[in-house]
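# Secondary and tertiary structure notes
The chain contents come next:
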Amino acid sequence: RQAILLEKGSIVTMGTSDAVISTYMDNVSSHNEFASDRLTADGAFHFTRVRTLNHELQPVSTFAHDQSITVEIALFAKQRPQNVHLLIAANNKNGQRIFSSDISLEKYKIRVDDFNSFYVTIPAEILTPGNYSFFVAIHAPNALGYDVKDQICPISVFDNGSAFNQYENKWFYGDVFVHCSWVFK
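A brief structural summary. These figures come from a predicted structure and were not determined experimentally.

### Considering unusual backbone geometry
In this structure, Asp113 is a non-glycine residue whose phi angle is positive, near 55 degrees. Position of Asp113 among the secondary structure elements: in the loop between strand 8 (97-104) and strand 9 (114-122). Judged by relative accessible area, Asp113 falls into the exposed class, the value being 55%. Even without being a glycine, Gln151 presents a positive backbone phi close to 55 degrees. Residue placement: Gln151 occurs in strand 11 (residues 144-158).

Encoded structure:
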């Protein structure tokens, strides 16, 4: 089988399906990581790397809806955190935040003048099929943003046989799956 890879209407490559898919995956994988080597950056805290990982902790940017998504967030601290939080939010394809998670850094043994890594896992069957990116912030709540990155680490989620597969391309059924309790009386 033959395939063509297009980007903004221009042909990137064409050839066998395997070769084109390999080129596509190489291109997507290289864009799903934010990295900075700013050791001399201003401010007490800053991000050094944010990337998405699969269950084997390998960098990837494509996930099935029934796979967990791990986001590695590495930061550099120039001082001990006091009232400093780390926040992550998922953005939908329109850049709207669809959920967020926030932790206080005070309860962790943050290494000063060193790199610190956090791993946050989004459980399987949370994000519906579509394209997403992430918002991350190191912040003092309601006061200061030490480092803020938006719409980084783009990922794609595909349907791997969910109950909503029958509606694909017919109805927009939201950005998150919610497993509700249904009762009939």
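From this point, the narrative continues.
### A short note on the pattern of salt bridges
Here the idea is simple: oppositely charged side chains can pair when their charged atoms come close. All chains considered together, the criterion is met by five salt bridges. Here Lys149 makes a salt bridge to Asp147, at a shortest N to O gap of 3.1 Å. With a relative accessible area of 7%, Asp147 lands in the buried category. Three or more residues are tied together by salt bridges with common partners; here these are Arg49, Arg51 and Glu72.

### Points about the environment of Asp66
With respect to the helices and strands, Asp66 occurs in the loop between strand 5 (62-64) and strand 6 (69-77). Judged by its relative accessible area of 33%, Asp66 is partly exposed. A C-alpha to C-alpha distance of 8.9 Å links Asp66 and Leu127, two positions 61 residues apart in sequence. With residues near it in sequence (within four places) discarded, Asp66 still touches Ala124, Glu125 and Asn160.

### A few points about the sheet that holds strand 6
Spatially, 3-4-6-9 is the arrangement adopted by the four strands of the open sheet, whose pairing is antiparallel. Each edge of the open sheet is held by one strand with a lone partner, namely strand 3 (33-35) and strand 9. Along the sheet, successive strands turn relative to each other by an average axial angle of 20 degrees, direction set aside. By the bridge criterion, eight bridges tie strand 6 to strand 9 in an arrangement that is antiparallel. Counted as the bridge partner of Val71 is Val120 from strand 9.

The rules we used
- Residues numbered from 1 in each chain as written.
- Predicted model: local features only at pLDDT ≥ 70, side-chain atom pairs only at ≥ 80, totals over all residues.
- Heavy atoms only, no water.
- Helix = DSSP H or I, 4+ residues; strand = E, 2+ residues; numbered from the N terminus.
- Buried < 20%, exposed > 50% of the residue type's maximum accessible area, 1.4 Å probe, protein only.
- Salt bridge = Lys/Arg side-chain N within 4 Å of Asp/Glu carboxyl O.
- Contact = heavy atoms within 4.5 Å.
- Pairing = 2+ DSSP bridges.
- Axes fitted to C-alpha atoms, helices over the stretch in contact; angles between N-to-C directions.

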